[in-house]
Amino acid sequence: MRKAKIAQNGRDWEARERAKDEEAFITFVRTKQAAVRAKYPEKYLAIKAKSLKTVLEDKRHYCDICDVALASPSALTSHLGTQAHKDAVAIANGAAKPQPSRSALCQRESNARILAGKRFFCVICNVNNPFQRDHNRHLGTKGHAKKLRLAAEAAAH
């Protein structure tokens, strides 16, 4: 009961602050979120992953035609504008499956060659780069460094 009361008080406070000055409130929330991310990065990532998993399992942002669950309303909106979704709608309405364009076929062939070679592949991040310079750039990113550190810590335990 006490936790419910505290949660309700927090929601009431947020509503009052948002009503006073929405822009200031959003700035405040983003600043707090950034502080939490910086102080507890592993906890933040775990909570974010759990939240995303819940959203996907509940199919909150779901496209029935393509049978795909998305993480956010904006991702669903983006999906609805894709050519793949439009093609799926056309097929669902009885149209013949559209033939891919010549450029799309060339792109697929190029991607297939790259993936077949996997010349510049990062096993830790599961990232394939077509060129050495791209691979070197990837190796210098914060994301790669973080995954490398987490992998080293996991191996040490």
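Residues numbered from 1 in each chain as written. Predicted model: local features only at pLDDT ≥ 70, side-chain atom pairs only at ≥ 80, totals over all residues. Heavy atoms only, no water.

### Let's talk about the overall build of the protein chain
Our working definition: Numbering of helices and strands starts at the N terminus; helices are DSSP runs of H or I of at least 4 residues and strands are runs of E of at least 2. For a compact globule the rule gives 2.2 Å times the number of residues to the power 0.38, and the radius of gyration it is set against comes from C-alpha atoms. Here the term buried applies to any residue with accessible area under 20% of the maximum for its type, exposed to any over 50%, and partly exposed to those in between, with areas from a 1.4 Å probe on protein chains only. Residue exposure ignores everything except the shown protein chains as possible cover, and the areas themselves are Shrake-Rupley values with a 1.4 Å probe. We count Lys and Arg on the positive side and Asp and Glu on the negative side, and we leave His and both chain ends out. Throughout, a charge is located at the NZ atom of Lys, the CZ atom of Arg, the CG atom of Asp or the CD atom of Glu.
Along its length, the protein chain carries eight helices and four strands. Taking 157 residues into account, the globule formula puts the C-alpha radius of gyration at 15 Å, and the protein chain, at 22 Å, lies well above it. Each principal axis of the C-alpha distribution contributes one length, and for the protein chain these read about 60 × 50 × 30 Å. Buried residues in the protein chain amount to 11% of all 157 residues. Here the protein chain displays about 12,600 Å² of accessible surface, and carbon together with sulfur accounts for 58% of that area. Charge separation in the protein chain, taken as the distance between the mean sites of 30 positive and 15 negative side-chain charges, equals 5 Å.

### Quick word on the packing of aromatic side chains
What counts, and what does not: Pairing of aromatic side chains requires ring centres within 6.5 Å, counting the rings of Phe and Tyr and the six-membered ring of Trp. Pairs whose planes differ by under 30 degrees are stacked, by over 60 edge-to-face, and all others tilted. A positively charged side chain is recorded as over a ring if its NZ (Lys) or CZ (Arg) lies within 6 Å of the ring centre. The angle to the ring normal must also be within 35 degrees.
Tallied over the entire structure, the rule returns two aromatic pairs. Both rings, one in W13 and one in F28, keep their centres 5.9 Å apart while their planes meet at 70°; by these two values the pair is edge-to-face. One end of the pair, W13, is in helix α1 (residues 2-20); the other, F28, is in helix α2 (residues 22-39), and 15 residues separate them in sequence. On the accessibility criterion, F28 (39% relative accessible area) is partly exposed. For R37, the ring lying beneath its charged end belongs to Y44, and the centroid distance is 5.4 Å. Against the face of Y40 rests K43, its NZ or CZ located 5.8 Å from the ring centre.

### Considerations on the packing of α1 against α2
Cut-off, in case you're wondering: Axis definition: a line fitted to C-alpha atoms, over the contacting stretch in the case of helices. Angles run 0 to 180 degrees between N-to-C directions. An angle below 35 degrees is read as roughly parallel, one above 145 as roughly antiparallel, one from 65 to 115 as roughly perpendicular, and any other as oblique. Any two residues whose heavy atoms approach within 4.5 Å at even a single point are treated as in contact. All residues other than Ala, Val, Leu, Ile, Met, Phe, Trp, Tyr, Cys, Pro, Asp, Glu, Lys and Arg, Gly among them, are scored as polar; the first ten of these are nonpolar and the last four charged.
Two elements in contact, α1 and α2, have axes whose closest approach is 5 Å; the angle formed by their N-to-C orientations is 130°. Looking at the two axes, α1 sits oblique to α2. Contacts between α1 and α2 pair W13, E14, E17, R18 and K20 from the former with E22, F25, I26 and F28 from the latter. Residues of the contact of α1 with α2, tallied by class, amount to four nonpolar, no polar and five charged.

### Looking at the side chain of H144
Stated formally: The definition of a polar contact used here is a pair of N or O atoms within 3.5 Å, where within protein one atom must be able to donate a hydrogen and the other to accept one, and adjacent residues in sequence count solely through side-chain atom pairs.
Assignment of secondary structure puts H144 in helix α8 (residues 142-156). In this structure the side chain of H144 is engaged in a polar contact, spanning 3.3 Å, whose partner is the side chain of H138. In this view, H144 contacts C122, I124, C125, H138 and L139; residues no more than four positions away in its chain are not counted.

### Points about the state of the cysteines
Note the following rule: Count a disulfide wherever a pair of cysteine sulfur atoms falls within 2.5 Å.
In this structure the tally under the stated criterion is zero disulfides. C66 takes part in no disulfide bond, and the closest cysteine sulfur, belonging to C63, lies 3.8 Å away. The exposure class of C66 is partly exposed, given its relative accessible area of 26%. With no disulfide of its own, C125 lies closest to C122 among cysteine sulfurs, the gap being 3.9 Å.

### Quick notes on the pattern of salt bridges
Short version of the rule: One side-chain nitrogen of Lys or Arg within 4 Å of one carboxyl oxygen of Asp or Glu is enough to make a salt bridge.
Per the stated rule, a full pass over the model turns up five salt bridges. In this structure, the salt-bridge partner of R149 is E42, at a minimum N-O distance of 3.6 Å. A residue pair is termed long-range when its members are at least 10 positions apart, and R149 in helix α8 and E42 in helix α3 (residues 41-58) qualify at 107 residues. On the basis of relative accessible area, R149 is assigned to the partly exposed category, the value being 36%. Of the charged contacts in the structure, one is a salt bridge between R137 and D134, with a shortest N-O distance of 3.4 Å. Placement of the pair is R137 and D134 together in helix α7 (residues 132-139), with a separation of three residues, close to one helical turn.

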